[in-house]
Amino acid sequence: MNADLIKSYLYLHAVLPQLTTIAARDEQARAAIDGRAASIQLRTVRGPRARLHANGSGLSFARELRPLPSLGLLLPSPAVAVRMFGGGRATPLPWWGLWRPGIIGLLRVLTGRLAFYLTASKEELERAACFDAAVGLRLAVMVYAIAVLTEHLPEARQAAADAPEGVAEFRFADGSAGSVRLSCPREGPMRAFLVDGGVTESQAAPANLIVEFQDTRTALGVLSGEWDIWLAIGQAQIKIRGHFPLAQTILRIMGRVGQFLG
Amino acid sequence: MGHRLAASDALFARAAQVVPRGIYGTRGPLLVVPGSYPLFVRNGRGARFWDVDGNEYIDYMCGFGSIILGYADAEVDAASREAEASGFSFSQPTEHFVALAERLSQQIDGMAWALFTKNGSDATTYAVQVARAATGRRKVLCARDAYHGSYPWSTPGDAGLLPEDTAHIHDFVWNHLGSVQRLIEQHRGDIAAAVVTPYHHPAFDDSELSANGFLQELCRLARAEGFLIVSDDIRVGFRASLRGAHTVFDYQPDLVCLSKAIANGYPLAVCLGSEEVRRAASSVFTTGTFWMHHGPMAAAHACMDRLAASDGVAQMAARGQQLIDGLQQVATRHGQRLTITGLPAMPKVRFVADRDMFRLQAFCAAATRRGAYFHPHHNWFVTTAHSEEDVQRTVEIADAAMAETVAAGDRPFA
Ligand SMILES: Cc1ncc(COP(=O)(O)O)c(C=O)c1O
């Protein structure tokens with residue numbers, strides 16, 4: 001499995017879904033979507049697919065493509081997908097629908113906001129009064145990325161297969177951002193979902209494992225690699241409680257994410 | 001409640017600057033409940049230790065089992081000091097080396113020679129090499145979730161490892177003979193050894209004794225198939241018997257690894273082997289700069305003398321049983337059910353219907369804050385220094401900790 005392929009899955013299936021939260025929370029994104037119905041589909045040759053659907057007031061994400069999108073973009077290879085989302089230069093080819101500037105514009109606004117939340121500096125985020133929201137999104141990317149690796153990276157797939165069944169909840173002790181859950185089924189890859197972000201899934205079962213960050217500052221330090229997660233655990237800035245075998249598997253896979261998502 | 005950890009936390013912050021993970025491995029904070037457990041110790045005596053904040057604990061981890069007579073045991077410490085007063089770390093071993101090898105190879109049932117190392121991991125790794133040298137085969141069978149040390153072939157970690165490191169290590173399921181037979185069929189003629197503990201003591205599950213003659217049948221299969229049995233007696237060891245835990249659990253290994261408690265905490269490990277594997281043992285090159293250090297060897301002599309003279313094994317079993325009975329009474333009083341498994345001197349405790357271990361973590365943390373150091377994810381250890389009164393006091397602490405845990409509800413942290 002080559003690194004570009006893994007990265008392309010991470011961009012399309014771990015990063016892109018966070019647009020649904022941005023579309024629900026961010027002023028600029030909301031304004032861009034307001035009243036507009038459009039579906040944008042991305043298809044990577046021998047790689048991941050994704051579909052964004054704006055319904056006038058919000059945005060949904062799906063991995064499956066549907067016929068007749070407003071705009072279909074073809075990414076000729078995973079490497080192109082990686083360049084496109086990784087800040088490099090890459091031009092996708094339209095494969096369906098009209099090359100409508102309005103929809104391209106919407107996509108630009110959305111991906112621009114996504115890039116801002118995921119890459120802006122602490123100071124920029126504070127100035128824009130969206131520090132907590134951005135850290136919440138970055139945590140969601142990390143948790144989604146763990147799930148995506150269990151689909152596509154053989155070692156992570158094996159780790160998930162050996163892991164106990166259960167649900168892990170990642171949350172903030174001070175409630176400053178929403179929680180993300182990672183479900184490890186009896187068989188098959190893990191699955192991530194937001195608990196109270198833009199999209200809510202039923203959370204009937206209580207979590208078997210809780211990973212609780214003291215606050216968004218701690219989470220950002222750890223997610224950006226500025227702080228060592230082990231030290232944050234030792235200093236009780238991250239509290240891990242509950243099903244430890246599940247925690248060990250998750251920490252192990254989490255250690256691999258940085259290798260692909262810088 | 002007066003349980004403060006400010007000095008401990010401050011030391012951890014310093015360690016964090018200069019040590020990977022602050023504290024690494026099993027002593028690191030991940031497996032305990034940071035905020036409730038001290039991370040640094042100041043001193044110890046008998047069954048107690050004091051952390052750097054001055055909190056006092058009745059200890060049930062005892063240096064992860066390496067302390068068997070209690071901390072700062074006068075006789076063992078004197079033996080080590082006396083040996084070292086004349087210098088140590090010489091280029092050649094001293095008489096202690098020979099005397100201890102003689103004593104252990106007579107004392108440990110079925111063994112004919114001894115090779116000293118420092119850590120348990122050194123000993124198990126050497127045993128595996130000897131088994132491979134003796135058989136000319138590659139494969140090593142281990143029980144799933146058993147711990148045999150931190151070297152690449154056995155570590156539960158994964159960073160920095162190559163798939164090749166564990167390419168010839170295969171897991172069977174403890175007490176599941178079919179899983180062993182399957183491996184034998186898959187690798188017939190290429191299995192060098194099965195490494196077993198006297199009973200199964202995984203980190204996150206109950207301890208499990210060999211059932212329905214599992215270990216005996218494994219030994220029989222080993223003889224029939226031409227592979228060796230390595231008894232990793234590093235944790236159980238002298239808490240079961242001074243002759244090796246295999247004499248209690250009734251199986252006959254070809255190689256025995258001991259460490260932890262053999263010298264009451266002085267750093268020493270040993271791999272012992274039968275006459276049949278002596279030549280293979282000689283063929284393996286191994287060494288370590290500190291492996292022949294005679295202070296710990298003198299300490300081992302003194303430790304075994306003390307354990308033998310005081311019938312330490314029976315004493316620890318009795319104290320362990322007192323603790324188990326007391327904990328069960330506490331649990332019943334609070335409407336809880338505990339499962340306590342393993343040797344009484346090494347009890348593994350968990351709550352029934354607490355799969356996610358939230359309640360166990362809360363209970364152990366509450367007990368530790370009150371002065372009974374209970375680890376949530378490791379079997380505990382009792383020493384000969386734990387008195388009846390110590391255990392009684394521990395049970396009182398457990399009672400208060402249980403009340404706090406029950407009051408916190410089903411999922412105390414959730
Ligand atoms: C059963 C067993 N084997 C091997 C080891 C490794 O010993 P050491 O940590 O001294 O290397 C341990 C340590 O806990 C153990 O419990």
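Residues numbered from 1 in each chain as written. Chains lettered and ligands numbered in written order. Predicted model: local features only at pLDDT ≥ 70, side-chain atom pairs only at ≥ 80, totals over all residues. Heavy atoms only, no water.

Listed per partner, the contact involves 24 residues of chain A and 24 residues of chain B. Note on chain A versus chain B: buried area summed over both sides is about 2100 Å², and carbon and sulfur give 60% of it. It is Trp230(A), Arg241(A) and Phe244(A) in chain A that bury the most area against chain B; as a group they hold 30% of the surface buried on that side. Counting across the interface, chain A meets chain B through one salt bridge. (Contact = heavy atoms within 4.5 Å. Buried area = accessible area lost by both parts, 1.4 Å probe. Salt bridge = Lys/Arg side-chain N within 4 Å of Asp/Glu carboxyl O.)

Attention now goes to the packing of helix 7 (residues 131–152) of chain A against helix 8 (residues 154–162) of chain A. All names here are of chain A. Where helix 7 contacts helix 8, the axes come no closer than 6 Å and their chain directions differ by 100°. Considering the angle they form, helix 7 stands roughly perpendicular to helix 8. Between helix 7 and helix 8, the contacting residues are Leu-149, Thr-150, Glu-151 and His-152 on the first element and Pro-154, Ala-156, Arg-157 and Ala-160 on the second. When its residues are assigned to classes, the contact of helix 7 with helix 8 shows four nonpolar, two polar and two charged. (Axes fitted to C-alpha atoms, helices over the stretch in contact; angles between N-to-C directions. Helix = DSSP H or I, 4+ residues; strand = E, 2+ residues; numbered from the N terminus. Parallel < 35°, antiparallel > 145°, perpendicular 65-115°, else oblique. Nonpolar A, V, L, I, M, F, W, Y, C, P; charged D, E, K, R; others polar.)

Residues and elements named next belong to chain B. At a closest axis distance of 9 Å, the pairing of helix 3 (residues 95–107) and helix 9 (residues 294–309) adopts a crossing angle of 40°. Between helix 3 and helix 9, the angle falls in the class oblique. For the pair helix 3 and helix 9, the crossing hand works out as left-handed. The segment helix 3 lies against helix 9, with His-96, Phe-97, Ala-99, Leu-100, Arg-103, Leu-104 and Gln-107 engaging His-294, Met-297, Ala-298, Ala-300, His-301, Met-304 and Asp-305. The residue inventory of the contact of helix 3 with helix 9, partitioned by class, reads eight nonpolar, four polar and two charged. (Left-handed = near helix turned anticlockwise from the far one by under 90°.)

Further remarks concern the domain arrangement of chain A. Residue and element names in this part refer to chain A. The domain boundaries assigned to chain A delineate domain 1 (3–119) and domain 2 (130–260). Just the C-alpha atoms count here: the centres of domain 1 and domain 2 sit 24 Å apart. Between domain 1 and domain 2 the total buried area reaches about 1800 Å² when both faces are included, carbon and sulfur atoms providing 72% of it. In terms of surface lost to domain 2, no three residues of domain 1 exceed Ile-6, Gln-18 and Tyr-117, which account for 32% of the buried area on that side. Between Glu-151 and Arg-63 there is a salt bridge, with the nearest N and O atoms lying 2.8 Å from each other. Linking domain 1 with domain 2 are three residue pairs in polar contact (both at pLDDT 80 or more), by the criterion used here. Secondary-structure elements contributing two or more residues to the side of domain 1 that touches domain 2 are helix 1 (3–15), helix 2 (19–25) and helix 5 (101–119). A per-class count over the side of domain 1 that touches domain 2 returns 12 nonpolar, five polar and three charged. (Domains from an automatic or database assignment. Polar contact = N/O pair within 3.5 Å; in protein donor to acceptor, adjacent residues only side chain to side chain.)

Turning next to the pattern of salt bridges. Between side chains of opposite charge, pairing is possible as soon as their charged atoms come close. For the structure shown, the criterion picks out 29 salt bridges over all chains. In this structure, Glu404(B) and Arg370(B) form a salt bridge, with 2.5 Å as the shortest nitrogen-oxygen distance. One end of the pair, Glu404(B), is in helix 12 (residues 388–407); the other, Arg370(B), is in helix 11 (residues 358–370), and 34 residues separate them in sequence. Since its relative accessible area comes to 28%, Glu404(B) is described here as partly exposed. Connected through salt bridges with shared partners, the residues Glu169(A), Arg171(A), Arg181(A) and Glu212(A) form a single ionic network. (Buried < 20%, exposed > 50% of the residue type's maximum accessible area, 1.4 Å probe, protein only.)

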